[in-house]
Amino acid sequence: MLDFLKHLIGIKTRDLAQEATNLLATLDTDAAIQADLRVMEDDLDAAGKLIAELRAAYNREVQEFEAVEKRYQQHFTAAESLQVRLQAAPEAEKAAINTGLNELVDLLEKLVPEMEKEKQDVVEAEALLREAEKAYQEKGVALKKARSDLENARRDLKRAEIDADRAKAQAEQAARVAGLRDKSGQQTGLRVGFNAMTEKAAALRQQAESQRMKSQVLKDAPASTNSYVQQALNEAAGKGTTDSRSAVDRLAALKK
(Lines give C-alpha, C1' and ligand atoms only; values in the text may rest on other atoms or scores of the structure.)
Protein backbone atom coordinates (compact mmCIF):
# COMPACT_ATOMS: atom_id res chain seq x y z
CA MET A 1 0.00 0.00 0.00
CA LEU A 2 2.82 2.37 0.86
CA ASP A 3 4.56 1.62 -2.43
CA PHE A 4 1.32 2.32 -4.27
CA LEU A 5 0.95 5.68 -2.54
CA LYS A 6 4.56 6.57 -3.29
CA HIS A 7 4.09 5.86 -7.00
CA LEU A 8 0.76 7.68 -7.02
CA ILE A 9 2.26 10.75 -5.40
CA GLY A 10 5.15 10.60 -7.85
CA ILE A 11 2.78 10.46 -10.82
CA LYS A 12 0.67 13.33 -9.50
CA THR A 13 3.78 15.40 -8.89
CA ARG A 14 4.97 14.82 -12.45
CA ASP A 15 1.53 15.70 -13.80
CA LEU A 16 1.46 18.94 -11.83
CA ALA A 17 4.95 19.78 -13.01
CA GLN A 18 3.92 19.14 -16.61
CA GLU A 19 0.80 21.28 -16.21
CA ALA A 20 2.89 24.08 -14.73
CA THR A 21 5.32 23.80 -17.63
CA ASN A 22 2.47 23.95 -20.16
CA LEU A 23 1.02 27.01 -18.39
CA LEU A 24 4.35 28.81 -18.45
CA ALA A 25 4.77 27.94 -22.13
CA THR A 26 1.35 29.43 -22.85
CA LEU A 27 2.08 32.63 -20.97
CA ASP A 28 5.51 33.25 -22.45
CA THR A 29 6.21 31.32 -25.63
CA ASP A 30 9.66 32.74 -26.26
CA ALA A 31 10.78 32.08 -22.69
CA ALA A 32 9.47 28.52 -22.90
CA ILE A 33 11.37 27.94 -26.14
CA GLN A 34 14.54 29.38 -24.65
CA ALA A 35 14.09 27.13 -21.62
CA ASP A 36 13.73 24.08 -23.86
CA LEU A 37 16.82 25.08 -25.81
CA ARG A 38 18.73 25.51 -22.58
CA VAL A 39 17.64 22.04 -21.47
CA MET A 40 18.78 20.60 -24.80
CA GLU A 41 22.08 22.44 -24.52
CA ASP A 42 22.62 21.22 -20.96
CA ASP A 43 21.79 17.70 -22.11
CA LEU A 44 24.34 18.04 -24.90
CA ASP A 45 26.96 19.26 -22.42
CA ALA A 46 26.21 16.32 -20.12
CA ALA A 47 26.57 13.95 -23.07
CA GLY A 48 29.89 15.58 -23.92
CA LYS A 49 31.15 15.05 -20.37
CA LEU A 50 30.00 11.44 -20.51
CA ILE A 51 31.88 10.93 -23.77
CA ALA A 52 35.03 12.35 -22.16
CA GLU A 53 34.64 9.90 -19.29
CA LEU A 54 33.96 6.97 -21.64
CA ARG A 55 36.92 7.89 -23.82
CA ALA A 56 39.17 7.97 -20.74
CA ALA A 57 37.79 4.60 -19.64
CA TYR A 58 38.35 3.19 -23.13
CA ASN A 59 41.94 4.40 -23.19
CA ARG A 60 42.48 2.89 -19.75
CA GLU A 61 41.10 -0.46 -20.88
CA VAL A 62 43.34 -0.36 -23.95
CA GLN A 63 46.37 0.34 -21.79
CA GLU A 64 45.50 -2.49 -19.40
CA PHE A 65 45.01 -4.90 -22.29
CA GLU A 66 48.27 -3.84 -23.89
CA ALA A 67 50.08 -4.27 -20.57
CA VAL A 68 48.73 -7.83 -20.12
CA GLU A 69 49.42 -8.68 -23.75
CA LYS A 70 52.97 -7.36 -23.46
CA ARG A 71 53.51 -9.39 -20.31
CA TYR A 72 52.12 -12.48 -22.01
CA GLN A 73 54.38 -12.01 -25.02
CA GLN A 74 57.44 -11.55 -22.80
CA HIS A 75 56.70 -14.69 -20.82
CA PHE A 76 55.88 -16.64 -23.95
CA THR A 77 59.22 -15.64 -25.52
CA ALA A 78 61.03 -16.61 -22.31
CA ALA A 79 59.28 -19.98 -22.27
CA GLU A 80 60.32 -20.67 -25.84
CA SER A 81 63.90 -19.72 -24.97
CA LEU A 82 63.94 -22.10 -21.99
CA GLN A 83 62.47 -24.85 -24.14
CA VAL A 84 65.32 -24.48 -26.63
CA ARG A 85 67.84 -24.33 -23.83
CA LEU A 86 66.34 -27.37 -22.17
CA GLN A 87 66.97 -29.44 -25.26
CA ALA A 88 70.67 -28.50 -25.37
CA ALA A 89 71.35 -28.35 -21.61
CA PRO A 90 73.38 -30.97 -19.72
CA GLU A 91 71.49 -33.46 -17.62
CA ALA A 92 72.53 -31.68 -14.43
CA GLU A 93 70.78 -28.45 -15.56
CA LYS A 94 67.68 -29.93 -17.18
CA ALA A 95 65.74 -30.30 -13.94
CA ALA A 96 66.17 -26.66 -12.98
CA ILE A 97 65.45 -25.44 -16.51
CA ASN A 98 62.38 -27.66 -16.69
CA THR A 99 61.14 -26.24 -13.38
CA GLY A 100 61.54 -22.71 -14.71
CA LEU A 101 59.75 -23.65 -17.92
CA ASN A 102 56.85 -25.08 -15.95
CA GLU A 103 56.57 -21.82 -13.98
CA LEU A 104 56.43 -19.80 -17.19
CA VAL A 105 53.82 -22.08 -18.75
CA ASP A 106 51.70 -21.91 -15.57
CA LEU A 107 51.87 -18.13 -15.67
CA LEU A 108 51.02 -18.06 -19.39
CA GLU A 109 47.99 -20.26 -18.80
CA LYS A 110 46.80 -17.82 -16.12
CA LEU A 111 47.46 -14.83 -18.34
CA VAL A 112 45.37 -16.17 -21.25
CA PRO A 113 41.92 -15.71 -19.59
CA GLU A 114 43.05 -12.39 -18.09
CA MET A 115 44.19 -11.18 -21.50
CA GLU A 116 40.90 -12.32 -23.09
CA LYS A 117 38.95 -10.49 -20.40
CA GLU A 118 40.95 -7.30 -20.94
CA LYS A 119 40.37 -7.61 -24.69
CA GLN A 120 36.62 -7.99 -24.16
CA ASP A 121 36.63 -4.97 -21.86
CA VAL A 122 38.26 -2.96 -24.64
CA VAL A 123 35.60 -4.09 -27.14
CA GLU A 124 32.76 -3.20 -24.77
CA ALA A 125 34.29 0.15 -23.81
CA GLU A 126 34.73 1.04 -27.47
CA ALA A 127 31.15 0.04 -28.30
CA LEU A 128 29.82 2.14 -25.43
CA LEU A 129 31.98 5.07 -26.50
CA ARG A 130 30.77 4.85 -30.11
CA GLU A 131 27.14 4.67 -28.96
CA ALA A 132 27.63 7.75 -26.76
CA GLU A 133 29.32 9.60 -29.62
CA LYS A 134 26.44 8.75 -31.92
CA ALA A 135 23.93 9.98 -29.33
CA TYR A 136 25.99 13.14 -28.89
CA GLN A 137 25.90 13.80 -32.63
CA GLU A 138 22.14 13.26 -32.71
CA LYS A 139 21.64 15.64 -29.78
CA GLY A 140 23.85 18.20 -31.48
CA VAL A 141 21.89 17.94 -34.72
CA ALA A 142 18.59 18.23 -32.81
CA LEU A 143 19.80 21.34 -30.96
CA LYS A 144 21.04 22.92 -34.16
CA LYS A 145 17.75 22.17 -35.92
CA ALA A 146 15.76 23.55 -32.98
CA ARG A 147 17.72 26.80 -33.09
CA SER A 148 17.28 27.00 -36.86
CA ASP A 149 13.55 26.33 -36.54
CA LEU A 150 13.31 29.04 -33.89
CA GLU A 151 15.01 31.58 -36.13
CA ASN A 152 12.77 30.61 -39.04
CA ALA A 153 9.69 30.91 -36.83
CA ARG A 154 10.82 34.34 -35.64
CA ARG A 155 11.34 35.50 -39.22
CA ASP A 156 7.94 34.14 -40.26
CA LEU A 157 6.30 35.87 -37.30
CA LYS A 158 8.01 39.14 -38.17
CA ARG A 159 6.89 38.89 -41.79
CA ALA A 160 3.35 38.12 -40.63
CA GLU A 161 3.36 41.16 -38.33
CA ILE A 162 4.61 43.36 -41.17
CA ASP A 163 1.94 41.99 -43.53
CA ALA A 164 -0.75 42.50 -40.88
CA ASP A 165 0.35 46.12 -40.28
CA ARG A 166 0.43 46.78 -44.02
CA ALA A 167 -3.03 45.27 -44.51
CA LYS A 168 -4.39 47.28 -41.58
CA ALA A 169 -2.96 50.50 -43.00
CA GLN A 170 -4.42 49.75 -46.42
CA ALA A 171 -7.83 49.00 -44.91
CA GLU A 172 -7.79 52.25 -42.92
CA GLN A 173 -6.79 54.23 -46.01
CA ALA A 174 -9.51 52.58 -48.09
CA ALA A 175 -12.05 53.37 -45.37
CA ARG A 176 -11.04 57.03 -45.36
CA VAL A 177 -11.24 57.28 -49.14
CA ALA A 178 -14.56 55.48 -49.45
CA GLY A 179 -16.14 57.20 -46.44
CA LEU A 180 -17.25 53.91 -44.93
CA ARG A 181 -19.66 53.78 -42.05
CA ASP A 182 -18.33 53.57 -38.53
CA LYS A 183 -18.50 50.44 -36.39
CA SER A 184 -21.91 51.39 -34.92
CA GLY A 185 -23.55 51.39 -38.36
CA GLN A 186 -24.45 55.12 -38.19
CA GLN A 187 -23.52 57.56 -40.96
CA THR A 188 -20.36 59.55 -40.59
CA GLY A 189 -20.49 63.35 -40.17
CA LEU A 190 -19.24 63.80 -43.70
CA ARG A 191 -22.07 61.79 -45.23
CA VAL A 192 -24.65 63.44 -42.97
CA GLY A 193 -23.43 66.84 -44.19
CA PHE A 194 -23.65 65.76 -47.82
CA ASN A 195 -27.20 64.50 -47.32
CA ALA A 196 -28.29 67.74 -45.62
CA MET A 197 -26.86 69.89 -48.42
CA THR A 198 -28.51 67.66 -51.04
CA GLU A 199 -31.89 67.92 -49.36
CA LYS A 200 -31.55 71.72 -49.02
CA ALA A 201 -30.64 72.08 -52.71
CA ALA A 202 -33.70 70.03 -53.69
CA ALA A 203 -35.95 72.25 -51.54
CA LEU A 204 -34.50 75.40 -53.10
CA ARG A 205 -35.06 74.03 -56.59
CA GLN A 206 -38.69 73.25 -55.69
CA GLN A 207 -39.17 76.76 -54.30
CA ALA A 208 -37.67 78.33 -57.42
CA GLU A 209 -39.98 76.27 -59.64
CA SER A 210 -42.99 77.37 -57.60
CA GLN A 211 -42.05 81.06 -57.93
CA ARG A 212 -41.52 80.67 -61.65
CA MET A 213 -44.97 79.12 -62.10
CA LYS A 214 -46.53 81.93 -60.05
CA SER A 215 -44.79 84.56 -62.16
CA GLN A 216 -46.09 82.95 -65.34
CA VAL A 217 -49.63 83.05 -64.04
CA LEU A 218 -49.60 86.65 -62.79
CA LYS A 219 -47.84 88.49 -65.62
CA ASP A 220 -49.83 90.03 -68.58
CA ALA A 221 -50.44 88.06 -71.72
CA PRO A 222 -48.17 89.05 -74.57
CA ALA A 223 -49.63 91.68 -77.04
CA SER A 224 -50.91 90.34 -80.34
CA THR A 225 -49.59 91.70 -83.60
CA ASN A 226 -53.07 91.44 -85.20
CA SER A 227 -54.78 94.94 -85.30
CA TYR A 228 -58.27 93.51 -85.10
CA VAL A 229 -57.37 91.42 -82.03
CA GLN A 230 -55.90 94.50 -80.36
CA GLN A 231 -58.99 96.61 -81.22
CA ALA A 232 -61.30 93.93 -79.82
CA LEU A 233 -59.27 93.75 -76.64
CA ASN A 234 -59.42 97.53 -76.23
CA GLU A 235 -63.18 97.57 -76.70
CA ALA A 236 -63.53 94.76 -74.17
CA ALA A 237 -61.49 96.75 -71.73
CA GLY A 238 -63.70 99.81 -72.21
CA LYS A 239 -61.12 101.79 -73.99
CA GLY A 240 -63.13 102.10 -77.22
CA THR A 241 -61.83 103.49 -80.49
CA THR A 242 -60.69 106.97 -81.43
CA ASP A 243 -63.69 109.32 -82.16
CA SER A 244 -63.69 110.18 -85.92
CA ARG A 245 -66.36 112.91 -85.76
CA SER A 246 -65.61 116.56 -86.60
CA ALA A 247 -65.26 119.16 -83.90
CA VAL A 248 -68.57 120.88 -84.98
CA ASP A 249 -70.54 117.61 -84.63
CA ARG A 250 -68.93 116.86 -81.30
CA LEU A 251 -69.74 120.42 -80.06
CA ALA A 252 -73.37 120.15 -81.21
CA ALA A 253 -73.62 116.92 -79.31
CA LEU A 254 -72.34 118.58 -76.23
CA LYS A 255 -74.98 121.41 -76.55
CA LYS A 256 -77.74 118.87 -76.59
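Residues numbered from 1 in each chain as written. Predicted model: local features only at pLDDT ≥ 70, side-chain atom pairs only at ≥ 80, totals over all residues. Heavy atoms only, no water.

To continue, consider the overall build of the protein chain. Tallying secondary structure elements over the protein chain gives 6 helices and 0 strands in all. Walking the protein chain from its N terminus toward its C terminus, one meets helices and strands in the order α-α-α-α-α-α. Counting every position in the protein chain, which comprises 256 residues, the buried fraction comes to 12%. Looking at the protein chain as shown, the accessible area adds up to about 20,900 Å², and 56% of this sits on carbon and sulfur atoms. (Helix = DSSP H or I, 4+ residues; strand = E, 2+ residues; numbered from the N terminus. Buried < 20%, exposed > 50% of the residue type's maximum accessible area, 1.4 Å probe, protein only. Areas by Shrake-Rupley, 256 points an atom, 1.4 Å probe, with all protein chains shown as cover.)

Attention now moves to the nonpolar core. Here is a general trend for soluble globular proteins: nonpolar side chains tend to be buried in one another's company. Counting 20 residues, the largest nonpolar core has Tyr-58, Tyr-72, Ala-79, Met-115, Val-122 and Leu-129 as its most contacted members. Ranked by the residues each element gives to this core, the list is headed by helix 3 (residues 91-178), at 10 residues. Residues in contact with Ala-79, not counting those within four places in the same chain, are Leu-101, Leu-104 and Leu-108. (Core = buried A, V, L, I, M, F, W, Y, C linked by side-chain atoms within 4.5 Å. Contact = heavy atoms within 4.5 Å.)

Inspection of the secondary structure puts His-75 in helix 2 (residues 29-88). The class of His-75 is buried, set by a relative accessible area of 18%. Setting aside its immediate chain neighbours within four residues, His-75 contacts Leu-104, Leu-107 and Leu-108.

Secondary-structure assignment places Tyr-58 in helix 2. For the pair Tyr-58 and Ala-125, spaced 67 residues apart in sequence, the C-alpha separation works out to 5.1 Å. Non-local contacts of Tyr-58, meaning those with residues more than four positions away in its chain, are made with Val-122, Ala-125, Glu-126 and Leu-129.

Okay, the confidence of the model for the protein chain next. On average, the protein chain scores 77 in pLDDT, and the residues at 70 or more come to 66%. The low-confidence segment residues 4-9 (pLDDT under 50) makes 0 contacts with residues lying over four places distant or belonging to another chain. With pLDDT under 50 throughout, residues 23-27 is counted as low confidence; its partners more than four residues away or in other chains account for 1 contact. (pLDDT = per-residue confidence, 0-100.)

This brings us to the packing of helix 2 against helix 3. At a minimum axis distance of 6 Å, the contact between helix 2 and helix 3 shows a crossing angle of 165 degrees. The orientation of helix 2 with respect to helix 3, classified from their angle, is roughly antiparallel. Viewed along their axes, helix 2 and helix 3 form a crossing whose handedness is left-handed. Split into classes, the residues belonging to the contact of helix 2 with helix 3 amount to 35 nonpolar, 7 polar and 19 charged. (Axes fitted to C-alpha atoms, helices over the stretch in contact; angles between N-to-C directions. Parallel < 35°, antiparallel > 145°, perpendicular 65-115°, else oblique. Left-handed = near helix turned anticlockwise from the far one by under 90°. Nonpolar A, V, L, I, M, F, W, Y, C, P; charged D, E, K, R; others polar.)

Another aspect to go through is the pattern of salt bridges. Where charged atoms from two side chains of opposite charge approach closely, those side chains can pair. Under the counting rule described, the total for this entry stands at 11 salt bridges. A salt bridge links Glu-91 to Lys-94, with the nearest nitrogen and oxygen atoms 3.1 Å apart. Linking Glu-91 with Lys-94, this pair stays in helix 3, spanning 3 residues, or about one helical turn. The exposed category is assigned to Glu-91, whose relative accessible area is 61%. (Salt bridge = Lys/Arg side-chain N within 4 Å of Asp/Glu carboxyl O.)

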